[in-house]
Amino acid sequence: MNLSRLPHLLAGALLLLPALAQASINGGELAIAWALPFAGMLLSIALLPLLAANVWHHHFGKIAAMWSLLFIVPFAASHGLGATAYEMAHTLVLEYVPFIILLVSLFTVAGGIYLRGNLHGSPLLNTGFLGVGTLLASFTGTTGAAMLLIRPLLRANDNRRYKTHVFVFFIFLVANIGGSLTPLGDPPLFLGFLKGVGFGWTMVHMLAPMALASAILLVVFYLLDRHYYHKEEDLPPLPDPTPDSRVSIEGTVNFALLGGIVGAVLLSGLWKPGISWQIAGLDITLQNVVRDILLLLVTVLSLKLTPGRCRQANAFNWGPMLEVAKLFAAIFITMIPVLAMLKAGKTGAFAELVAMVSKPDGPPVDAAYFWLTGALSSFLDNAPTYLVFFNLAGGDAAHLMHDGASTLMAISMGAVFMGANSYIGNAPNFMVKAIVEERGVAMPSFFAYIGWACAFLIPTFVLLTFVFF
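Residues numbered from 1 in each chain as written. Predicted model: local features only at pLDDT ≥ 70, side-chain atom pairs only at ≥ 80, totals over all residues. Heavy atoms only, no water.

J.: Can you tell me about the overall build of the protein chain, naming the residues and giving the values?
T.: Along its length, the protein chain carries 20 helices and four strands. Since a compact globule built from 469 residues should have a radius of gyration of about 23 Å, the 22 Å found for the protein chain is in line with a globular shape. With respect to the principal axes defined by its C-alpha atoms, the protein chain has extents near 70 × 50 × 50 Å. The buried share of the protein chain, taken over its 469 residues, is 55%. (Helix = DSSP H or I, 4+ residues; strand = E, 2+ residues; numbered from the N terminus. Rg over C-alpha atoms; globule rule 2.2 N^0.38 Å. Buried < 20%, exposed > 50% of the residue type's maximum accessible area, 1.4 Å probe, protein only.)

J.: Outline the pattern of salt bridges, listing residues and values.
T.: Where side chains of opposite charge bring their charged atoms close, a pairing between them can arise. Counted by the stated rule, this structure contains five salt bridges. Its salt-bridge partner being Arg-160, residue Glu-232 comes within 3.2 Å of it at the nearest N-O pair. Separated by 72 residues along the polypeptide, Glu-232 in the loop between α8 (199-231) and β2 (245-250) and Arg-160 in the loop between α5 (123-156) and α6 (164-173) bring together distant segments of the chain. Look at Arg-160 and you get buried, because its relative accessible area is 3%. Close ionic contact of Glu-250 with Arg-309 constitutes a salt bridge, the shortest N to O distance being 2.8 Å. With Glu-250 in strand β2 and Arg-309 in helix α11 (residues 308-313), this residue pair connects regions lying 59 residues apart in the sequence. (Salt bridge = Lys/Arg side-chain N within 4 Å of Asp/Glu carboxyl O.)

J.: Account for the packing of helix α4 (residues 81-110) against helix α10 (residues 286-305), naming residues and giving values.
T.: Any two packed helices are characterised by the angle at which their axes cross and by the distance between the axes. Taken N-terminus to C-terminus, the directions of α4 and α10 make an angle of 25 degrees; their axes are 9 Å apart at the nearest point. It follows from the interaxial angle that α4 and α10 lie roughly parallel. Where α4 crosses over α10, the handedness of that crossing is left-handed. For the pair α4 and α10, the contacting residues are Pro-98, Ile-101, Leu-102, Val-104, Ser-105, Thr-108 and Val-109 in the first and Arg-291, Asp-292, Leu-295, Leu-296, Val-298, Thr-299, Ser-302 and Leu-303 in the second. Counted by class, the contact of α4 with α10 contains nine nonpolar, four polar and two charged residues. (Axes fitted to C-alpha atoms, helices over the stretch in contact; angles between N-to-C directions. Parallel < 35°, antiparallel > 145°, perpendicular 65-115°, else oblique. Left-handed = near helix turned anticlockwise from the far one by under 90°. Contact = heavy atoms within 4.5 Å. Nonpolar A, V, L, I, M, F, W, Y, C, P; charged D, E, K, R; others polar.)

J.: I'd love a proper account of the packing of helix α2 (residues 36-51) against helix α12 (residues 319-334), names of residues and values included.
T.: Contact geometry of α2 with α12 gives a least axis separation of 8 Å together with a crossing angle of 155 degrees. When the axis of α2 is compared with that of α12, the two are roughly antiparallel. In this structure, α2 meets α12 at a crossing whose hand is left-handed. Where α2 abuts α12, its residues Pro-37, Phe-38, Met-41 and Ile-45 lie against Leu-327, Ala-330, Ile-331 and Thr-334. Tallied by class, the residues present in the contact of α2 with α12 amount to seven nonpolar, one polar and no charged.

J.: Account for a nonpolar patch on the surface, naming residues and giving values.
T.: On the surface, a cluster of nonpolar side chains totalling about 470 Å² of accessible area is made up of Leu-267, Trp-271, Leu-294, Leu-297, Leu-301 and Leu-305. A per-element tally of the nonpolar patch places α10 first, with four residues. By the element assignment, Leu-305 lies in helix α10. (Patch = residues over 30% accessible without salt bridge, like charges linked within 9 Å, V, L, I, M, F, W, Y side chains within 5 Å. Areas by Shrake-Rupley, 256 points an atom, 1.4 Å probe, with all protein chains shown as cover.)

J.: Tell me about α8, and please be specific about residues and values.
T.: For α8, with 33 residues, the first-to-last C-alpha span of 46 Å sits near the 48 Å given by 1.5 Å per residue. Roughly 50 degrees is the biggest bend found in α8, and it falls at Met-206, with proline Pro-209 one to four residues downstream. Within α8, the full set of buried residues consists of Trp-201, Thr-202, Met-206, Pro-209, Met-210, Ala-213, Ser-214, Leu-217, Leu-218, Phe-221, Leu-224 and Asp-225. Next to the buried residues of α8 lie α5, α6, α7 (187-194), α17 (397-401), α18 (405-417) and α20 (446-468). (Expected span 1.5 Å × (residues − 1). Bend = angle between axes of the 7 residues up to and from the residue.)

J.: Summarise helix α19 (residues 427-438); cite the residues concerned and give the values.
T.: The end-to-end C-alpha distance of α19 is 17 Å, a good match for the 16 Å that 12 residues give at a rise of 1.5 Å each. Buried residues dominate α19, accounting for 10 of its 12 residues. Taken together, the buried positions of α19 are Ala-427, Pro-428, Asn-429, Phe-430, Met-431, Val-432, Lys-433, Ala-434, Ile-435 and Val-436. In this fold, the buried residues of α19 make contact with α2, α4, α5, α6 and α12.

J.: Hey, could you go over the environment of Gly-419 for me, with residue numbers and the actual values?
T.: Position of Gly-419 relative to the elements: it lies in the loop between α18 and α19. The sequence separation of Gly-419 and Ser-378 amounts to 41 residues, and the corresponding C-alpha distance is 4.8 Å. The residues contacting Gly-419, other than those within four sequence positions of it, are Asn-176, Ser-377, Gly-414, Gly-425, Asn-426 and Asn-429.

Structure representation (structure tokens):
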């Protein structure tokens, strides 16, 4: 899918949309076969880099577009062009485009901050990097923290032989679990904020599980990194392309712009002018339009005001962002029927999964909410998955924050924490992988990464289940 054509696709979808095609598709009427394009997309991401790396590297955009069309064309034939255009426009305009705008702004601003000089990638320094990034992620977003720290961490470890584990744990902590404490940290929590969950609620209720998970993983990482560090002592040292030197920061204007991003996101959640437009059945609210315009303005200002040497020193380029944008466009499109079937609850094709989150007499099963939200967030985008289970739990923020606090915590933990289980669970995962591989560091394959998650994350989540649920 050529991103330059995206505005034309959106405009076309809106023009084709009949005025009456405003109701969402009935997920209860969809057969499980409609999930096949989404499954094909996931398998392509998982297998093609292993089986046909050259083909995937040069044509992943076309492959993503193919799976999108394998959903769009049959769905239009069976459900009508208008209904299909509506679902496409709703997903792309209201969900995908704001998602990409936020990522682009964070990617651009963080890519303009250059940490000049270098530190030695010892186990203690690496653990400190991950700890700082984990705390920072809740206030700058997981994307902002990951893009800010990944390049200095790469330089600090560029003379290490064994370093893949450093970036795997970076994804675990900085790109996922660290975004737990505020709605700014991760998109699922931001959606909860827009639904009425208090800004401070996540800080109070997510602090203990986030602290426990982070402490466990940081200790494990330190021991693992120390093992590999000492293993290298018996080998001839590698040349250090970036010798240790005094550290200074350039591109500091981007810290103010990072504050602008935080302000724009907060504004859209706190400012409710009550002004909206119905365009082709879509509810376009003023606060969201203003937010996206401000984010684009921040992006342009970052590009204009940042000295060119900062981005050059960071080896900044748009490759990782384009890869994420193309792949997630197809993921958002092909998961339309999957989310509809989940929203259908007990009348949908996934009724057995939905039935697992409540007891026969009605009370919620918090552990099931945690694991099911998490399992689906590992492979679906974690933001809409959060909304599905938020609505399954009643969708009333006031009730969930008080009487249903443990259930809301389970949903929040599952969406944020388990987005780390695969490369596609959260957008920063793929961005980190792309940047690290671009620097010549080998990263685990799709399934090998899941193996790392099973070895280190799943036992941690099992412990969290016993402690909190």
